[in-house]
Amino acid sequence: MPNRPTFLTDLSLKQVEDLLASFGEPAWRAKPLLAWAYKKRVASFDAMTDLSKTLREKLSAAITFPSVTELEVQESRDGTRKALLKLWDGRSIETALIPSSKWQFTVCVSSQVGCAIGCPFCASGRYGYERNLSVSEICDQVLYFARLLGTDETISNIVFMGIGEPLTNYLDVLSAAEHLNAPWGFGLGARNITISTAGYVPGIEKLSHERLQLGLAVSLHAADNALRNKLVPLNRKYSIDKLIPACSSYVEASGRRITFEYALFAGINDSLEQARQLAHLLRDMNCHVNLIAANSTHESEWQAPAPEVVEAFESELKRMNITVTLRRNFGRDIKAACGQLRKSC
Ligand code: SAH
């Protein structure tokens, strides 16, 4: 196994300045250099044409760019794209680009190779967990898609809703979010970057003290412990009675509204009684519920309810004064929808 290279997008502005200083170059060159990667969307040091050839050679000898390479890309009828990307150690991950409007897109990034949580309805954890993704491997998923887009098209949102549990890869996820937010980096507003968690309470607590005002989504899927233990096995460690207070503290400390994701599975968590239980659980919190009709993976057990059942569940939540939206399912035909991304095809 080769040693892990250092990739350009692993580095902060300060680290790039230090690297340049070690070559005898002035610090001010760091920002234009990073702008080539994050803003001008090039994919090699050679394409950074206003840097001297000597500097480009020194850079290539010291660091590598980019950290992911395309193995395959598929496009859905609805415009969603899913890419299989190869990592430096031969492993691979999937990542998705979802249209939010005609010219704007959301990138759904992965944070780990595989996933340790083991939700039975989700394809991402089917083959277990292999390793965390690094700062560069996260940032470069976004830059990969940025390069595919036309000049009029922009990335308006980044969601950590691909493979993995982002809050158990806290440091790299937070640094990646910083690079994606920083003016010297990708420059996207922190409010347009959302971290989704299966309910890793220590991570939620830490996040509420961060300077960066990221969005937070919690995959709830059930309002009682017995059912949630089955749907999201992390609940056995961080049960609803620990999770909900941690979410309330987050809302209080950050001043931000939290999103709860609730995937509806036919006959499992879609009854009106369960809608009322959910509304009751969330009644005092500044939050928003995002309903997702389940996407099918291998197991026939996990099917979406009929549209009228979904509608009735949504109406019941509304009736009980819960703010709720129904998420459209993008990319199902290419298996790029929620819970369908996996570490390799
Ligand atoms: N581990 C994090 C990040 C993954 S986000 C988390 O759990 O939040 C992916 C979202 O898709 C989660 O809300 C997940 O529960 C949901 N999901 C997984 N499989 C799904 C399926 N088959 N149908 C609908 N949503 C699914």
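Residues numbered from 1 in each chain as written. Predicted model: local features only at pLDDT ≥ 70, side-chain atom pairs only at ≥ 80, totals over all residues. Heavy atoms only, no water.

1. Looking at helix H3 (residues 53-62)
- When H3 is considered as a whole, its buried residues turn out to be Leu 55, Arg 56 and Leu 59. Across the axial projection of H3, the buried residues extend over an arc of 100°, all falling on one side. When the buried face of H3 is taken as reference, the exposed residues oriented beyond 90 degrees from it are Lys 53 and Ala 61.
- Those residues of H3 that are buried are in contact with helix H1 (13-22) and helix H2 (30-38). (Buried < 20%, exposed > 50% of the residue type's maximum accessible area, 1.4 Å probe, protein only. Helix = DSSP H or I, 4+ residues; strand = E, 2+ residues; numbered from the N terminus. Arc of directions from axis to C-beta. Contact = heavy atoms within 4.5 Å.)

2. Quick look at the pairing of strand E9 (residues 215-219)
- Taken across its 5 residues, E9 has 5 buried, putting it largely inside the fold.
- Burial of the side chains of E9 extends over both faces: Gly 215, Ala 217 and Ser 219 are buried on one face and Leu 216 and Val 218 on the other.
- Where strand E8 (residues 193-197) lies against E9, 4 bridges are found, and the strand directions are parallel. Note that in E9 the partner of Ser 196 across the bridge is Ala 217. (Pairing = 2+ DSSP bridges.)

3. Some remarks on the site of the ligand
- Residues in contact with the ligand amount to 19 residues; listed here are only the nearest, Gly 164, Ser 196, Ser 219, His 221 and Asn 295.
- Contacts to the ligand include Phe 121, whose backbone N or O atom sits 3.1 Å from a nitrogen atom.
- Asn 295 places a main-chain nitrogen or oxygen 2.8 Å from a nitrogen atom of the ligand.
- Coverage of the ligand by the protein amounts to 95% of the 540 Å² it exposes when considered alone.
- Contributing elements (two or more residues each) for the shell around the ligand: E8 and strand E10 (258-264). (Near = heavy atom within 4 Å. Polar contact = N/O pair within 3.5 Å; in protein donor to acceptor, adjacent residues only side chain to side chain. Areas by Shrake-Rupley, 256 points an atom, 1.4 Å probe, with all protein chains shown as cover.)

4. Regarding the nonpolar core
- Ranked by internal contacts, the top residues of the largest apolar core, which has 118 residues, are Phe 186, Ile 258, Phe 260, Leu 282, Val 289 and Leu 317.
- In terms of residue count, the dominant contributor to this core is helix H4 (residues 135-148) (8 residues).
- If sequence neighbours within four positions are ignored, Phe 260 has contacts with Val 218, Leu 220, Ile 244, Cys 247, Leu 282, Met 285, Cys 287, His 288, Val 289 and Asn 290. (Core = buried A, V, L, I, M, F, W, Y, C linked by side-chain atoms within 4.5 Å.)

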